[in-house]
Amino acid sequence: MTGKDLNIYVHHVTRVEGHGNILVDVKNGELKEVKLEIIESPRFFEAMLVGRRFPEAVHIASRICGICSISHTAASIKAIEDALDIKPTWQTETLRKILMEAEILDSHALHSFFLAVPDFFGLPSVIPMASTNPDVVKTAINFKKLAHEICDVMVGRHTHPISMVVDGFTNLVTEEQMAELLKKIKAALKNDVPKMLEFFSRIKFPDFERKANYTCLVNPEMYPFYDGMIKSSEAGVYRHRDYRQKIVERVVDHSTAKHAFGPVKPYMVGALARFNTNYKQLMPGAQEAAKMLGLEAPSYNPYHITLAQVVEIVHCLESMSRLIEQLLSRGIRDERVERPPLAGWSARLPPAKKSWGVGVVEAPRGLLIHEYRINGNGTIDAANCIIPTAQNLANIEADMRELVPQILDRSKEEITQLLEMLVRSYDPCISCSAHLLKVDFVE
Amino acid sequence: MAKPKVAFFDFTCCEGCQLTVLSLGDKLLDLFESVEVVNFREASSYKGQDYDIAFVEGSIASSKDIERIKEIRKRAKVLVALGACAHTAGVNAIRNFHNQQEIRKMVYGDKAWVFDSILAQPIDAIVRVDYYIPECPIDKEEFLRFVSQLLNNMKPFLPDYPVCVECKMKGNVCNYHKPNPIICLGPVTRGGCGAICPSAGNACEGCRGLIPDANLEAMEWLLNEYGVSAEDKFRFYRMYNGLMGMKK
Ligand code: SF4
Ligand code: SF4
Ligand code: SF4
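Residues numbered from 1 in each chain as written. Chains lettered and ligands numbered in written order. Predicted model: local features only at pLDDT ≥ 70, side-chain atom pairs only at ≥ 80, totals over all residues.

## Comments concerning the overall build of chain B
Here is the rule: Each helix is a run of H or I in the DSSP string that is no shorter than four residues. Each strand is a run of E no shorter than two, and both are numbered from the N terminus. Partly exposed residues are those falling between the two cut-offs: more than 12 but fewer than 20 other C-beta atoms within 10 Å of their own, whereas 20 or more means buried and 12 or fewer means exposed, with C-beta atoms placed from the backbone. A pair of residues counts as a contact when their C-beta atoms, built from backbone coordinates, are separated by no more than 7 Å.
Summing up its helical and strand segments, chain B has 10 helices and 5 strands in all. Counting over 248 residues, chain B shows a buried share of 50%. Long-range pairs, those at least 24 residues apart, make up 76% of the contacts in chain B with a sequence separation of at least 6.

Here it is, written out as structure tokens:
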């Protein structure tokens with residue numbers, strides 16, 4: 001429809017983590033402006049980290065995000081280890097990989113079932129589904145329970161890990177505990193995964209394609225969450241310590257979250273970027289799941305992020321079983337480390353060869369970078385954190401810019417719904433970088 | 001009797017406390033049976049403006065936040081501060097001890113002036129709070145106990161013994177008695193968490209806030225005994241309790 005005027009302002013997008021508004025302005029059928037405004041109060045994490053001893057910094061970094069606390073802890077720990085030249089053991093790294101996958105399971109179960117699905121049933125929330133689709137809700141709750149149990153047992157608490165520290169763990173799980181978790185993971189693969197796949201294979205996702213620059217970690221050994229080089233489908237593969245040459249952060253007036261840009265244009269991080277890049281390394285069941293869901297790599301449809309998350313849920317369950325089996329066959333050694341003592345602790349610091357370090361992991365929503373400069377006292381002098389949502393914001397706006405002209409002939413309600421679904425599909429964690437959607441139409 | 005209407009609100013924070021509520025699993029479904037949740041942004045797009053009990057998570061950190069919390073206070077019969085951010089301003093208060101101009105510049109460069117931000121404050125710095133559920137994040141059991149007490153017209157209460165009591169019951173070796181002693185705020189921190197941090201081999205960082213009448217002088221003496229520098233003491237208190245001197 002040409003000559004159309006449309007003014008959409010969605011105040012506080014709901015079912016996303018944090019406060020964001022959508023603004024669309026169309027005059028005479030021509031798109032004037034598309035914005036995703038982030039109105040969350042600034043958090044100043046970088047400032048919170050400066051002047052902190054590193055064991056404290058890890059716990060503060062965790063508080064950047066309640067749902068990605070394992071990822072922030074891991075990125076923080078890795079930045080510190082990179083700066084202090086600490087090489088953790090195979091056991092420590094394996095335990096961290098399991099924790100990262102447990103967090104992916106938890107976060108994806110929350111997003112795909114609780115936050116994304118209600119849209120497809122025209123419901124405001126998952127709550128009414130407890131009576132209409134009790135099986136589905138139960139499946140999601142089972143996944144979340146399992147993820148929480150894994151974190152509880154391994155790091156003392158499910159949100160904000162306690163025993164996960166620089167160079168290892170202050171408390172170690174026992175082989176019996178891991179064997180028990182393994183049984184439960186296998187049971188979930190057998191009982192809950194088929195229900196999930198059957199449910200999601202019946203959902204129809206909106207048709208929309210826009211090829212993005214997909215950016216994520218790559219690792220020849222496995223579908224990586226914990227470790228690897230950074231690969232961008234446009235800028236190629238580069239080392240984590242070189243990220244500043246490839247990623248530019250810009251402050252934009254309408255957002256308290258800084259936007260991050262690739263060398264030339266916006267890029268996408270998260271489940272779909274990982275799936276598109278690393279699908280060959282998915283565990284067999286996850287590859288099978290992708291086929292069942294009709295998700296083929298590469299998919300240029302951002303609404304498919306939710307499907308990629310479902311595939312990653314299956315992958316993480318399988319991968320965690322494999323990692324636990326490896327761990328159990330080697331036996332868990334008592335490599336407990338202690339929090340650095342309170343007095344004279346700098347004497348026990350490893351000699352610092354480098355003064356700065358970068359830690360990069362795949363958080364549930366994508367690439368997460370922590371960079372610290374650490375002084376000789378083991379105190380943080382400068383910090384920079386690049387959060388996944390900050391990287392996706394520019395890409396979401398680019399998607400909206402392409403999508404709006406394609407759907408201008410539809411009703412305002414439909415356009416708004418599709419835009420909200422698009423934003424929710426990215427699972428933005430606005431509280432980290434920026435809350436309920438109120439729609440105001442002005443014509 | 002009509003079900004009480006419950007709303008959840010978040011201010012500046014990591015939303016870990018709301019997520020803890022969302023992760024109650026089966027118990028969440030039971031909770032949804034006994035109350036009517038009218039506002040839970042994290043879980044629902046429905047936005048009710050009529051509620052009896054408001055659970056508020058996060059710290060006040062902008063002038064808009066002040067307006068919003070005053071509005072919530074006007075509507076709510078009972079206002080509960082959920083988690084350390086709402087209770088003591090939590091880790092958000094750390095930035096209060098930096099030069100505000102500098103940190104704004106550090107994060108937003110020359111655009112620092114664009115964003116509305118003030119010193120991070122606990123909820124009760126702005127409005128009256130009826131109850132507190134402390135900890136970072138809140139403890140599931142404590143939350144459920146609180147809700148059932150409130151719904152059964154019992155006055156919810158918090159333990160007033162220190163974390164050390166629970167730590168000793170768990171049979172942990174005290175952090176101060178280890179070969180390399182570790183700074184631990186257990187002696188002055190409100191118990192109720194089951195001393196989870198020392199039990200997981202780490203130290204109590206004081207996230208549940210101070211016990212009433214905490215003996216800070218004895219704590220000071222203890223830290224001096226172990227040769228902790230003034231700077232490290234401040235650092236540690238300022239994880240969660242930086243604003244304690246400003247509170248009653
Ligand atoms: S109290 Fe802790 S867990 Fe709760 S919102 Fe604040 S930082 Fe997050
Ligand atoms: S470890 Fe900490 S909490 Fe436990 S008894 Fe010692 S001081 Fe108290
Ligand atoms: S031990 Fe201390 S820091 Fe840990 S949860 Fe309890 S009060 Fe908070």
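## Some words on the sheet that holds strand β11 (residues 356-363) of chain A
Sheets are built from strands paired through backbone hydrogen bonds, the pairs being either parallel or antiparallel. All names here are of chain A. Rules: Here, a strand pair is defined by DSSP locating no fewer than two bridges between the strands. Note on geometry: axes are C-alpha line fits, over the in-contact stretch for helices, and angles between N-to-C directions span 0 to 180 degrees.
Ordered in space as β11-β12-β13, the 3 strands form an open sheet in which the pairing is antiparallel. Each of the sheet's edge strands pairs with one partner strand only, and the pair in question is β11 and β13 (380-386). For this sheet, the mean inter-axis angle between neighbouring strands, taken without regard to orientation, is 15 degrees. As defined by bridge partners, strand β12 (residues 366-374) adjoins β13 across 6 bridges and the pair is classed as antiparallel. Each residue of the ladder has a partner; that of H370, found in β13, is C385.

## What to know about the domain arrangement of chain B
We apply this condition: Residue ranges for the domains originate in an automatic or database domain assignment.
One can read the domain layout of chain B as domain 1 (5-151) and domain 2 (163-241). Contact with domain 1 of chain B, which involves 12 residues of that partner, is made by 10 residues of domain 2 of chain B.

## Comments concerning the UniProt feature "binding site: Mg(2+)" (unreviewed entry) in chain A
To keep it simple, the criterion reads: UniProt positions are given in the numbering used here, feature names are shortened, and annotations may be inferred rather than shown by experiment.
As recorded in UniProt, the sites labelled "binding site: Mg(2+)" (unreviewed entry) are E46 and H435 of chain A. When you line up the elements, E46 of chain A lands in helix α1 (residues 45-49).

## Some words on the packing of helix α7 (residues 175-201) of chain A against helix α10 (residues 284-293) of chain A
All names here are of chain A. For clarity, the cut-off: Any angle that is under 35 degrees is reported as roughly parallel, and any over 145 degrees as roughly antiparallel; angles of 65 to 115 degrees are reported as roughly perpendicular and all others as oblique. Crossing handedness is read from the near helix: turned anticlockwise from the far helix by less than a right angle, it gives a left-handed crossing, and turned clockwise, a right-handed one.
Interhelical geometry of α7 versus α10 gives an angle of 25 degrees and a closest axis separation of 9 Å. Judged by the angle between their axes, α7 and α10 are roughly parallel. Remark: the crossing between α7 and α10 carries right-handed chirality. In this structure, α7 contributes L189, L197, F200 and S201 to the contact, and α10 contributes G285, A289, M292 and L293.

## A look at the site of ligand 3
To keep it simple, the criterion reads: For each residue, a C-beta atom is placed from the backbone, and the residue is labelled near a molecule or strand when this atom is within 6 Å of it. Classification convention: Asp, Glu, Lys, Arg as charged; Ala, Val, Leu, Ile, Met, Phe, Trp, Tyr, Cys, Pro as nonpolar; all other residues, Gly among them, as polar.
Taken together, E135, V163, T189, C193, A195, I196, C197, C204, E205, G206, C207 and R208 of chain B make up the full set of residues adjacent to ligand 3. Looking at the shell around ligand 3 residue by residue, the class counts come to 7 nonpolar, 2 polar and 3 charged.

## So, α7 of chain A
Residues and elements named next belong to chain A. The cut-off we apply is this: What a helix is expected to span follows from its residue count: subtract one and scale by 1.5 Å. We define the bend at each residue as the angle formed by axes fitted to the 7 residues ending at it and the 7 residues starting at it.
Across its 27 residues, α7 extends 37 Å between first and last C-alpha, which sits within 8% of the 39 Å expected from 1.5 Å per residue. The largest bend along α7 measures about 40 degrees and falls at D192, with the proline P194 one to four residues further on. Those residues of α7 not exposed but buried are M178, L181, I185, A188, D192, V193, M196, L197 and F200.

## Topic: the pairing of strand β4 (residues 78-82) of chain B
Residues and elements named next belong to chain B. In plain terms, the rule: By definition, the crossover connecting two strands over a helix is right-handed if that path, from the first strand to the second, turns clockwise as seen with the strands pointing away from the viewer.
Of all 5 residues in β4, 4 are buried, a share of seventy percent or more. Handedness of the crossover is the feature at issue here: the chain leaves strand β3 (residues 53-57), passes through helix α3 (residues 63-75), returns alongside β4, and the resulting connection is right-handed. Bridge analysis of β4 against strand β5 (residues 131-133) gives 3 bridges, and the strand direction is parallel. Across the sheet, residue V80 finds its bridge partner in β5, namely Y131.

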